[in-house]
Amino acid sequence: MHSYVTTNNYVRQVFGKKVYKLSLSAATTCPNRDGTCGTGGCSFCSVGGSGDFASSSILSIAEQIAQAKARLGAKGAGLDYIAYFQSFTGTHGDCAYLESCYQTAINQPEIVGLSIATRPDCLGPEVMAMLRRLAVQKPLWVELGLQTIHERTAKAINRCYELRAYDEAMTKLAELGVHRITHVILGLPGESKEDMLATVRYVASRTDGIKLQLLHILEHTKLAEQYRSGQLQVLEPEEYYELVAACLKLLPDSCIIHRLTGDGPKKDLIAPLWSGNKKRVLADLEKTLRKHNIVRKQ
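**Q** Please clarify how the overall build of the protein should be interpreted in this entry.
**A** The secondary structure content of the protein amounts to 10 helices and 11 strands. Along the first, second and third principal axes, the C-alpha atoms of the protein reach 45 × 45 × 40 Å. Of all 298 residues assigned to the protein, the portion counted as buried reaches 56%. Taking as baseline every contact in the protein between residues at least 6 positions apart, the subset at least 24 positions apart corresponds to 81%. When the accessible area of the protein is evaluated, it comes to approximately 13100 Å², of which 51% is carbon and sulfur surface. For the protein, the distance from the average site of its 36 positive side-chain charges to the average site of its 30 negative ones is 6 Å.

Right, dumping it as structure tokens:
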């Protein structure tokens with residue numbers, strides 16, 4: 001039997017209780033959009049920079065927190081929260097401005113931790129100094145969008161950084177003692193099952209946590225054009241469930257499983273449409289994992 005630790009398990013270990021994540025926005029952009037290293041963004045990335053469920057960046061951070069808490073309703077009442085800055089690249093841009101956003105968030109008494117999503121190539125000396133200051137105040141998670149270890153795929157999706165940037169980033173972040181999360185997409189164009197498993201094998205010994213993400217084809221992305229022209233296929237449900245089971249078997253018990261699938265905004269989701277029914281997906285995925293004797297740690 002193989003067991004795995006979920007985010008809920010992990011936050012109870014760290015904070016001693018249930019904690020919710022609040023999706024916020026620091027109104028950042030991406031070096032792969034503003035011309036720093038490329039334009040157009042990654043071919044899968046939505047117009048919201050993969051932060052489609054975050055509060056509006058027009059609001060102040062305090063207002064965003066209030067709005068996100070209200071959105072949770074009764075189930076989030078009286079709990080503590082992790083401030084999650086997911087959209088675009090959370091360490092790209094003016095560091096003073098970014099630090100003021102993150103500092104404002106962690107200054108809120110109900111915010112017990114901070115999570116920042118970014119790219120491995122956006123962790124220069126000034127950024128690392130900022131992260132160091134933040135990490136000594138409250139637990140810090142840094143999520144790196146790797147997606148794949150294969151350079152041919154990275155070029156195909158317009159990722160605009162080489163694998164060595166990920167390795168260097170993981171080493172630097174380890175020195176800070178932050179919780180490092182690696183984001184991996186399953187079903188990228190041209191990748192075989194073995195290609196995807198090779199990526200998971202690679203990160204298994206390098207990361208503290210992982211997010212496995214089903215590839216979504218969303219409106220207003222390069223992948224949408226390719227999908228409509230018949231250039232790529234998406235995974236079928238059972239194909240994805242079996243793939244997740246195979247991935248979990250490759251990960252050590254110490255690797256926290258932060259995600260087994262993901263949400264695409266339904267108004268923009270082109271394919272796979274079956275992924276839109278999240279409750280059904282999670283239930284069917286659970287059945288497949290049980291079939292393989294893979295269970296969540298209690």
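That covers the picture; the talk isn't over yet.
**Q** Explain the pattern of salt bridges here, please?
**A** Scanning the entire structure with this criterion turns up 16 salt bridges. With a closest N to O distance of 3.4 Å, Asp167 and Arg206 form a salt bridge. Of the two residues, Asp167 is situated in helix 6 (residues 163-176) and Arg206 in the loop between helix 7 (193-204) and strand 7 (209-214); the sequence distance between them amounts to 39 residues. For Asp167, a relative accessible area of 24% puts it in the partly exposed group. The class for Arg206 is partly exposed, based on a relative accessible area of 29%. We note a salt bridge from Glu194 to Arg201, for which the minimum N-O separation is 2.6 Å.

**Q** Help me understand the packing of aromatic side chains, please; the structure alone is not making it clear to me.
**A** Aromatic ring pairs are defined here through the distance separating the ring centres and the angle between the ring planes. The tally for this structure, following the rule as stated, stands at 4 aromatic pairs. Between Tyr10 and Trp141, the aromatic rings sit 5.8 Å apart at their centres with planes inclined by 45°, giving tilted as the arrangement. Of the two residues, Tyr10 is situated in helix 1 (residues 7-15) and Trp141 in strand 5 (residues 140-147); the sequence distance between them amounts to 131 residues. Centre to centre, the rings of Tyr241 and Trp274 are 6.0 Å apart; their planes meet at 80°, and the pair counts as edge-to-face. Taken as a pair, Tyr241 in helix 9 (residues 237-250) and Trp274 in the loop between strand 10 (269-271) and helix 10 (278-291) lie far apart in primary sequence, 33 residues in all. Chaining the aromatic ring pairs together yields one cluster made of Tyr240, Tyr241 and Trp274.

**Q** Which parts of the structure should I look at to understand the packing of helix 4 (residues 125-135) against helix 6?
**A** Helices that pack against each other are described as a pair by the angle of their axes relative to one another and the distance between those axes. Direction vectors running N to C along helix 4 and helix 6 enclose 30°, while the axes themselves pass 10 Å from each other. Crossing of helix 4 against helix 6: the hand is right-handed. Two secondary-structure elements touch here, helix 4 through Met128, Leu131 and Arg132 and helix 6 through Lys172, Leu173 and Leu176. Split into classes, the residues belonging to the contact of helix 4 with helix 6 amount to 4 nonpolar, no polar and 2 charged.

**Q** Just checking my understanding: could you explain the sheet that holds strand 9 (residues 256-259) for this structure?
**A** Backbone hydrogen bonds are what pair the strands of a sheet, in a parallel or an antiparallel way. Pairing within the open sheet is parallel, and its 9 strands lie in the order 2-3-4-5-6-7-9-1-11. Two strands bound the open sheet, and with one partner strand each, they are strand 2 (19-24) and strand 11 (294-296). Each strand of the sheet is rotated relative to its neighbour by a mean of 30°, with strand direction disregarded. Pairing analysis gives 5 bridges linking strand 4 (residues 111-118) to strand 5, with the strands arranged parallel. Looking across to strand 5, one finds that Thr118 is bridged to Leu144. Strands in contact with helix 9 are strand 1 (2-6), strand 6 (179-186), strand 7, strand 9 and strand 11; relative to strand 7, the strand with the most contacts, it is inclined by about 165°.

**Q** Teacher, can you tell me more about the nonpolar core here?
**A** Most often, soluble globular proteins keep nonpolar side chains buried together rather than apart. By size, the foremost hydrophobic cluster in this structure holds 69 residues, and its most contacted members are Tyr102, Leu131 and Leu212. Here the element with the most residues in this core is helix 9; it accounts for 8 residues. Leaving out residues up to four positions away in the same chain, Leu131 has contacts with Ile116, Leu123, Leu140, Val142, Leu173 and Leu176. In terms of nonpolar packing, the next biggest core, distinct from the first, is built from 14 residues, Phe44, Cys45, Ile217 and Leu232 among them.

Criteria and cut-off values
Residues numbered from 1 in each chain as written. Predicted model: local features only at pLDDT ≥ 70, side-chain atom pairs only at ≥ 80, totals over all residues. Heavy atoms only, no water. Helix = DSSP H or I, 4+ residues; strand = E, 2+ residues; numbered from the N terminus. Buried < 20%, exposed > 50% of the residue type's maximum accessible area, 1.4 Å probe, protein only. Contact = heavy atoms within 4.5 Å. Areas by Shrake-Rupley, 256 points an atom, 1.4 Å probe, with all protein chains shown as cover. Lys, Arg positive; Asp, Glu negative; His and termini not counted. Charge placed at Lys NZ, Arg CZ, Asp CG, Glu CD. Salt bridge = Lys/Arg side-chain N within 4 Å of Asp/Glu carboxyl O. Phe/Tyr/Trp six-rings, centres within 6.5 Å; stacked < 30°, edge-to-face > 60°. Axes fitted to C-alpha atoms, helices over the stretch in contact; angles between N-to-C directions. Left-handed = near helix turned anticlockwise from the far one by under 90°. Nonpolar A, V, L, I, M, F, W, Y, C, P; charged D, E, K, R; others polar. Pairing = 2+ DSSP bridges. Core = buried A, V, L, I, M, F, W, Y, C linked by side-chain atoms within 4.5 Å.

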